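A closer look at the structure
Listed here are the chains, written in short residue letters.
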Amino acid sequence: MNTEQQKIGKILEELINYFFRNKSYDLKIDLNYQEDKLCIKVVGECQEKPKDYQELYDLLNSTTRPELEEYYYELLGSNELKLLGSLIDCAEMSYEDKQLCIKVYRKL
Amino acid sequence: MKEAGPIKKLQEKLFKNTQLDTDRTYYIPSDKVKYLIITSLSLILILFSFTLNTPMEIIEGLGRIITSPGILVTDFLAAGNPGSALFNSGLLMLLSIVIAAINKIDMKGPIIAVIFTVGGFSLFGKTPFNIIPIILGVYLFALFQKKKFANYILPALFGTALGPLVSLLAFGFDFDLRYSIPLGIIVGVAVGFIIPPMASHFIQFHQGYNLYNIGFTCGIAGLVIMAIMRSFGLKSPDTMIVSEIENIAITVFLFLWFLLMLLIGLFYTRKWIESQGKLYKNTGRLVSDFVVSEGFGPAMINMGLLGILMTTMVLVMGGNLNGPFIGGIFTVVGFGAFGKHIANVLPIITGVFLASLLKIWEPDSLVVILAALFGTSLAPVAGSYGWLAGILTGFIHLSVVMNVGYLHGGINLYNNGFSAGFVAAVLVPIFNSIQTRFQKDS
């Protein structure tokens with residue numbers, strides 16, 4: 001597995017753990033990994049809108065930080081949303097009918 | 001509505017075109033302004049060095065510094081002179097800033113931390129001669145990976161912890177300089193080449209609870225390298241060159257320098273106490289970029305306060321401001337933008353101090369004060385698990401750090417970072433299981 005694939009696994013781990021922390025355990029995951037881009041969509045039932053919903057949206061849509069990515073990506077998966085934001089180029093989020101949807105994009 | 005005081009009015013007038021954060025707590029200066037501030041702080045350090053020694057003395061001192069092996073502990077205030085040591089420090093801070101600027105790195109927490117760390121360790125180990133090969137090695141690794149050097153700038157600059165290896169090979173043995181200097185440079189480049197993959201891998205070992213991750217990485221690398229060197233009969237000499245002079249000018253300068261940082265921070269912050277209270281709630285675990293999460297102003301306030309507190313602590317504990325102590329203070333200050341604050345460093349320092357009262361080392365000794373300063377690498381443990389956990393961590397850290405230096409023979413300047421990796425790896429799972437159990441009960 002190359003480094004980029006390891007990072008993708010870590011991004012997915014962080015997203016899944018986010019849903020778990022918000023007590024959403026029945027997830028539908030769609031991962032599209034192409035040569036030049038990545039798209040991950042995770043949808044799960046969530047009884048309440050997460051308190052940090054807006055904060056997560058802002059983080060995922062902040063600029064990437066390459067100096068953090070190479071060095072710290074192994075920390076993803078343990079509630080490192082700020083670090084996740086530095087690996088994601090942009091994201092779409094929605095919360096409707098108790099369904100939380102997070103879709104992230106990353107250029108490779 | 002309460003009328004704004006004179007300071008607030010001045011801020012509103014000066015910063016009328018500067019963005020505020022959403023809570024209107026602090027102003028957000030541009031990256032150019034942040035670069036200007038950090039560069040100015042470095043230039044002030046260089047200018048101050050000329051008040052301590054004449055330019056000729058500084059040049060002569062630099063010559064002695066650059067040709068010394070630089071292994072732990074080599075205080076450049078003694079090996080060179082105070083002026084050359086501080087000049088070296090300011091110069092390498094500027095070099096780090098230039099490298100960051102060329103690579104278009106935002107002036108945020110991690111870069112501020114590394115600039116001050118390089119500056120601090122330039123008082124007792126790092127020189128232009130021994131850091132450039134390592135940075136070059138990381139650059140070659142970036143080329144090899146077909147990625148930008150910007151992606152590896154942190155391991156490049158932090159990785160200069162192994163600078164003494166370059167100097168030791170070049171100047172530490174009785175080799176012909178025509179061969180030993182290129183040898184040192186080549187080995188430095190090779191070390192720089194292997195640091196990035198190791199650094200990103202080893203971070204899992206302590207899970208971000210050791211802020212000096214590179215210290216742990218370089219400790220492991222240094223362990224292997226020194227083992228190989230010893231196999232060929234190349235041993236690093238026991239070194240303890242430390243200045244014992246009480247330099248009032250340096251003491252006054254440091255307090256004023258940190259006060260300046262504090263004032264800059266206050267200037268860019270509207271709600272001083274509220275912003276610091278919020279900052280202190282951070283655990284500090286990697287990656288805690290206070291410039292991003294709390295604002296540049298509040299981060300600078302934190303840095304200034306930490307600088308004043310650490311300098312006072314060293315003096316109260318009976319130490320004089322020598323190269324290693326000032327280096328330790330600089331490092332704590334730099335990480336005031338990237339994980340450390342008063343609430344998470346004090347438990348560690350308390351633990352180290354309490355340990356010194358019971359163990360074989362004196363509280364005012366070099367090793368204890370260094371362990372207190374650099375042991376704050378474990379601040380995230382206190383931030384995450386509380387004061388008692390922090391005190392216990394500091395208590396254990398003093399013992400471990402005194403037992404790991406031999407492994408790398410003093411070529412890894414971040415010896416406390418090396419030790420902290422082991423301490424975090426052992427204690428964090430234990431604290432985590434206890435915390436989880438109590439959370440289940442509640």
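Whatever comes next refers back to the structure up there.
Residues numbered from 1 in each chain as written. Chains lettered and ligands numbered in written order. Predicted model: local features only at pLDDT ≥ 70, side-chain atom pairs only at ≥ 80, totals over all residues. Heavy atoms only, no water.

Aromatic ring pairs are reported here in terms of the distance separating the ring centres and the angle at which the planes meet. Applying the stated criterion across every chain, the model contains 33 aromatic pairs over all chains. Ring centres of B:Phe124 and B:Phe374 lie 6.2 Å apart, and the angle between their planes is 45 degrees; on these two criteria the pair is classed as tilted. With B:Phe124 in the loop between helix 6 (109–121) and helix 7 (128–145) and B:Phe374 in helix 18 (residues 366–374), this residue pair connects regions lying 250 residues apart in the sequence. Each of the two residues, B:Phe124 as well as B:Phe374, counts as buried. Through successive ring pairs, a cluster of aromatic residues spans A:Tyr71, A:Tyr72, B:Phe158, B:Tyr212, B:Phe335 and B:Phe338. A cation sits over an aromatic face here: A:Lys49 above A:Tyr53, 4.4 Å from the ring centre. (Phe/Tyr/Trp six-rings, centres within 6.5 Å; stacked < 30°, edge-to-face > 60°. Helix = DSSP H or I, 4+ residues; strand = E, 2+ residues; numbered from the N terminus. Buried < 20%, exposed > 50% of the residue type's maximum accessible area, 1.4 Å probe, protein only. Lys NZ or Arg CZ within 6 Å of the ring centre and 35° of its normal.)

Next up on the list: the interface of chain B and chain A. If you look at the interface, chain B gives 26 residues, while chain A gives 15 residues. Summing both sides of the interface, chain B and chain A together bury roughly 1900 Å²; the carbon and sulfur share of this comes to 55%. When the area that chain B buries against chain A is broken down by residue, the three leading residues are B:Asn151, B:Ser200 and B:Val287, summing to 28%. Here A:Glu80 ties to B:Arg285 by a salt bridge, and the two come within 3.9 Å at their closest N and O atoms. On the surface where chain B and chain A come into contact, there are 8 residue pairs in polar contact (both at pLDDT 80 or more). Split by residue class, the side of chain B that touches chain A holds 14 nonpolar, 8 polar and 4 charged. (Contact = heavy atoms within 4.5 Å. Buried area = accessible area lost by both parts, 1.4 Å probe. Salt bridge = Lys/Arg side-chain N within 4 Å of Asp/Glu carboxyl O. Polar contact = N/O pair within 3.5 Å; in protein donor to acceptor, adjacent residues only side chain to side chain. Nonpolar A, V, L, I, M, F, W, Y, C, P; charged D, E, K, R; others polar.)

Bringing the pairing of strand 3 (residues 90–96) of chain A into the picture now. Two elements, strand 3 of chain A and strand 4 (residues 99–107) of chain A, share 7 bridges in a ladder whose sense is antiparallel. Within strand 4 of chain A, the residue paired with A:Glu92 across the bridge is A:Lys103. (Pairing = 2+ DSSP bridges.)

Right, let's talk about the pattern of salt bridges for a bit. One pass over the full model with this rule turns up 13 salt bridges over all chains. With a shortest N-O distance of 2.7 Å, A:Arg106 and A:Glu69 are connected by a salt bridge. A residue pair is termed long-range when its members are at least 10 positions apart, and A:Arg106 in strand 4 and A:Glu69 in helix 3 (residues 66–72) qualify at 37 residues. Residue classification places A:Arg106 among the buried residues on the basis of a relative accessible area of 5%. For B:Lys34, the salt bridge goes to B:Asp31, with nearest N and O atoms at 3.6 Å. Placement of both B:Lys34 and B:Asp31 in helix 2 (residues 31–52) is noted, with a separation of 3 residues, approximately one turn of the helix. Overall, the relative accessible area of 24% leaves B:Asp31 in the partly exposed class. Each of the salt bridges in this network shares a partner with another, and the network as a whole consists of A:Glu4, A:Lys7, A:Glu69, A:Glu70, A:Arg106 and B:Lys147.

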